Amino acid sequence: MQGNAGMCRPSDLPGQIVLVLQGGGALGAYQAGVYQALHEAGIEPDWVIGTSIGAINASLIAGNAPENRLARLKEFWKRMEQKPAWPLSTGIPGFDDTLAYWSTVAQGIAGFFQPNPLAHAGESFPLGADRAGYYSTAPLESTLRELVDFGLANCGAPRLTVGAAHVGSSQMRYFDSRDCALTVKHVMASGALPPAFPAVRIDGELYWDGGILSNSPTEAVFDDNPRRDSLIFSVHLWNPVGSEPTTMGEVLTRHKDVQYSSRIASQIERQQQAHRLRHVINQLAARLPEGERDDPTVRELIGYGCSTRMHVVRLLAPQLARETHTKDIDFSPSGIKQRWDAGYAHTRSVLTRAPWIGEFDPLSGVVLHESIDEMPIAAE
């Protein structure tokens, strides 16, 4: 590993550090690489927010002491590796990937999910709401109970938030350690993607994967009260930009990227507008005579102002060579390693540039910094 020469120091960071982690199955190895780079730079998040695999990675970070977090992430992702059906590669382009895919579909991933035979008895076969999925996630529950200390996860250092979709109302719910005690069930609910995985019951209510409604939980930071100056590392696993698909395989791949890349660009654009107006209110309030500012009605209006600034650093997982719509279940050792290494390299580059340091428009409350290192990488 390289040293940290030339990288930003924790003292250079503009406010609370927030790590926002998207859902995306096996693509989540990229997030682990992002965390490794932050950890090695001495930067630990004050708040970590995740959906689906992002919630799992978030719990592994929040549910362990800083000196143990990286080791726990490595242990988790080691357990996620799909062992090949036979040790030798065929050497046929794409064939080994196809075999790995069908191996995962047929056998599941030890430590994560296993087939639920009863789910194939027919669409009308009564399974019960807690078991209605093609796979059981009981192995994941055991893994998380072993690798995550939920006592630590609820201590507030860092704050932990996981997003889940309420099945009955189609409403997004963010479970926050600031407001309630999180358990392994909250994390599993955030990753309960139907129809593969069954819903998870919390306080009598059923929840599915939060990515169904919002796969980029950055909105939880923007809507937080009270707002704080923040440096937000928003880690994205699905590419919002892509070329026109010309084959059915390309259609399936692009469809997933469009579906799960979320609407982060429009979210940030709206937040930039809203925060700019809050800063404008502050500027106008400062020009009022002190006597007028004491008027109750004026004070109420001034209360809509805000002086906080949020820097959003957007990190995007790369596209691997020969990547297909099955990439989110590519738990091959090489796939996990390449994505982890890419997250590490991208984040080190961002920390070296430290784009949040400098002069900015005083009316800008949300400043977006795009990573320039998001190039496709070749498969090993």
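Residues numbered from 1 in each chain as written. Predicted model: local features only at pLDDT ≥ 70, side-chain atom pairs only at ≥ 80, totals over all residues. Heavy atoms only, no water.

## Regarding a negative patch on the surface
At step 1: Together, Glu290, Glu292, Asp294 and Asp295 make up a region of like negative charge exposed at the surface.
At step 2: Among the secondary structure elements, Asp294 is positioned in the loop between α11 (290-293) and α12 (296-302).
At step 3: According to the relative accessible area criterion, Asp294 is partly exposed, its value standing at 47%. (Patch = residues over 30% accessible without salt bridge, like charges linked within 9 Å, V, L, I, M, F, W, Y side chains within 5 Å. Areas by Shrake-Rupley, 256 points an atom, 1.4 Å probe, with all protein chains shown as cover. Salt bridge = Lys/Arg side-chain N within 4 Å of Asp/Glu carboxyl O. Lys, Arg positive; Asp, Glu negative; His and termini not counted. Charge placed at Lys NZ, Arg CZ, Asp CG, Glu CD. Helix = DSSP H or I, 4+ residues; strand = E, 2+ residues; numbered from the N terminus. Buried < 20%, exposed > 50% of the residue type's maximum accessible area, 1.4 Å probe, protein only.)

## Concerning the packing of aromatic side chains
At step 1: Throughout the structure, instances matching the rule amount to 10 aromatic pairs.
At step 2: Consider the rings of Phe113 and Phe197, whose centres lie 5.3 Å apart with planes at 50°: the pair is tilted. Of this pair, Phe113 sits in the loop between α4 (95-107) and β3 (114-115) while Phe197 sits in the loop between α7 (184-190) and β7 (200-202); the two residues are 84 residues apart in sequence, bridging distant segments of the chain.
At step 3: When its relative accessible area of 6% is taken as the criterion, Phe113 is described as buried.
At step 4: Relative to Phe197, the ring of Tyr135 has its centre 6.5 Å away and its plane inclined at 75°; by these criteria the two rings are edge-to-face. One end of the pair, Tyr135, is in strand β4 (residues 135-136); the other, Phe197, is in the loop between α7 and β7, with 62 residues separating them in the sequence. Like Tyr135, the residue Phe197 is buried in the burial classification.
At step 5: Each residue in the set Phe112, Phe113, Tyr135, Phe197 and Phe331 is aromatic and connected to the rest through ring pairs, giving one cluster.
At step 6: Above the plane of the ring of Trp47 lies Arg159, whose end atom (NZ or CZ) is 3.6 Å from the centre. (Phe/Tyr/Trp six-rings, centres within 6.5 Å; stacked < 30°, edge-to-face > 60°. Lys NZ or Arg CZ within 6 Å of the ring centre and 35° of its normal.)

## Describing the confidence of the model for the protein chain
At step 1: Per-chain confidence: the protein chain averages 88 in pLDDT, with 90% of residues scoring 70 or above.
At step 2: A low-confidence stretch, residues 374-380 (pLDDT under 50), is modelled with 20 contacts involving residues beyond four sequence positions or located in other chains. (pLDDT = per-residue confidence, 0-100. Contact = heavy atoms within 4.5 Å.)

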